[in-house]
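Listed below are the residues making up each chain.
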Amino acid sequence: MFELVISTKNGQRYQVVVRDAREADHELARFENVYLAKNPADAIWDASVLDRNGNRVSRYTMGGFESF
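A brief structural summary. Keep in mind it's a predicted model, so treat the numbers as computed, not measured.

Section: the side chain of Ser-58
Part 1 of the reasoning: Examined against the element boundaries, Ser-58 turns out to sit in strand β4 (residues 56-61).
Part 2 of the reasoning: Within the structure, the side chain of Ser-58 is placed 2.7 Å from the backbone oxygen of Glu-66, a separation counted as a polar contact.
Part 3 of the reasoning: For Ser-58, the contacting residues outside a window of four places in its chain are Ser-48, Val-49, Phe-65, Glu-66 and Phe-68.

Description of the pattern of salt bridges
Part 1 of the reasoning: One pass over the full model with this rule turns up 3 salt bridges.
Part 2 of the reasoning: Residue Glu-27 is joined to Arg-30 by a salt bridge in which the shortest nitrogen-to-oxygen separation is 3.2 Å. Remark: Arg-30 and Glu-27 occur in helix α1 (residues 21-38); sequence separation between them is 3 residues, near one turn of the helix.
Part 3 of the reasoning: Of the residues examined, Glu-27 reaches a relative accessible area of 10% and is grouped as buried.
Part 4 of the reasoning: Residue Arg-30 is classed as partly exposed on the basis of its relative accessible area, which comes to 43%.
Part 5 of the reasoning: Here Asp-46 makes a salt bridge to Arg-59, at a shortest N to O gap of 3.1 Å. Of this pair, Asp-46 sits in strand β3 (residues 44-50) while Arg-59 sits in strand β4; the two residues are 13 residues apart in sequence, bridging distant segments of the chain.
Part 6 of the reasoning: Note on Arg-59: relative accessible area 36%, which makes it partly exposed.

Conventions we followed
Residues numbered from 1 in each chain as written. Predicted model: local features only at pLDDT ≥ 70, side-chain atom pairs only at ≥ 80, totals over all residues. Heavy atoms only, no water. Helix = DSSP H or I, 4+ residues; strand = E, 2+ residues; numbered from the N terminus. Polar contact = N/O pair within 3.5 Å; in protein donor to acceptor, adjacent residues only side chain to side chain. Contact = heavy atoms within 4.5 Å. Salt bridge = Lys/Arg side-chain N within 4 Å of Asp/Glu carboxyl O. Buried < 20%, exposed > 50% of the residue type's maximum accessible area, 1.4 Å probe, protein only.

Have a look at this one:
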């Protein structure tokens, strides 16, 4: 299992367990629809997928996560 970590410019942090890049994309879209819809002045600063040791295995770029 992997952990998706989303950080915003205003300092909010969202963490959720994901299995693959498709699920990470889905959770990012959910975050945008729930949180960013209510906070239009905020924006995503970084979105990364980490392994259980805390190493980055994927980063959100160009509209999607790299495969992992």
